[in-house]
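Structural overview
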Amino acid sequence: MKRIMLTIAYDGTAYFGWQKQEGMPTVEQRVMDAIGKLTGESVELIGASRTDAGVHALGNVAVFDTNATIPGERYTPALNSFLPEDIRVMDSKETEAEFHPRFDAHSKRYEYHIITGPVANPLETRYAHYVREKLDIEAMKRMAEDFVGEHDFTSFCAAGAQVKSKVRTVSLAEVTEQNGHIVIAVEGDGFLYNMIRIFAGTLLAAGLHRIDAGSMPDILSAKDRSFAGPTAPACGLKLCFIRYK
């Protein structure tokens, strides 16, 4: 028995998130089906990040255990031959039997992309949230600075999250302009349910002058979801990469 580590990229538009759900198309199920066709085994796939419906990824990580004799690096082309075009294994290798893609992660980096202007470019709206109004980028930058650090992020957690603690450490939260996109980059040791999309929606509210750019400390201390902004649409969010210890 050996453990295989996969780095997976996907366009999440057509899927109900990463985690398998009965009767619903998910990324995890598609990858498990491909492994089954290749090895003839029914495997458990353990993913690092359970991305939501419609969210994209450049580098999600997952592992599975197998008795197949296929070399680790050969799973990349082999699995891709069974996967739909909107899911791709970017890298594969054999790893330690004890390695866990979620518990061994040091940090995860996400980006939320926004485009603005009088007309939405149809070639971009699949991967970015379109906002017609002009945004105050400096206000968004100021608000993002106060998101960094160890906080109780209850105000940025959607209802239904089943976690004991809502304390997380965010090491990076910044807003930049890249190739016509406004990019919100966030990196931290872990994230709550819809946390980054709520953060993006709150920054958007600040950029539209609907929320005071200096109100982040008050929003955090309130520990109340109603104090933060709306949840931004899934299309603009992507998991960029995961750092390991």
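Right above here is the structure, for reference.
For the structure given in this document, a descriptive report is provided here.

What counts, and where the lines are drawn
Residues numbered from 1 in each chain as written. Predicted model: local features only at pLDDT ≥ 70, side-chain atom pairs only at ≥ 80, totals over all residues. Heavy atoms only, no water. Helix = DSSP H or I, 4+ residues; strand = E, 2+ residues; numbered from the N terminus. Buried < 20%, exposed > 50% of the residue type's maximum accessible area, 1.4 Å probe, protein only. Contact = heavy atoms within 4.5 Å. Polar contact = N/O pair within 3.5 Å; in protein donor to acceptor, adjacent residues only side chain to side chain.

Glancing now at the environment of T202. Looking at the element boundaries, T202 is found in helix α4 (residues 195-207). With relative accessibility at 0%, the residue T202 sits in the buried group. Once you skip the residues sitting within four places of it in the chain, T202 turns out to touch M143, F156, I211, I219, A228, G229 and P230.

On to the side chain of T26. Along the chain, T26 falls in the loop between β1 (2-10) and α1 (27-39). Taking the relative accessible area as the measure of exposure, T26 reaches 0% and is therefore buried. A polar atom in the side chain of T26 sits 3.2 Å from the backbone nitrogen of Q29. Setting aside anything within four residues of it in sequence, one finds T26 in contact with Y15, F16, G17, W18, Q19, K20 and Q21.

On to the environment of N121. Tracing the sequence through the fold places N121 in the loop between β5 (105-116) and β6 (129-131). Looking at N121, the relative accessible area reads 34%, which means it is partly exposed. For the pair N121 and G47, spaced 74 residues apart in sequence, the C-alpha to C-alpha distance is 33 Å.

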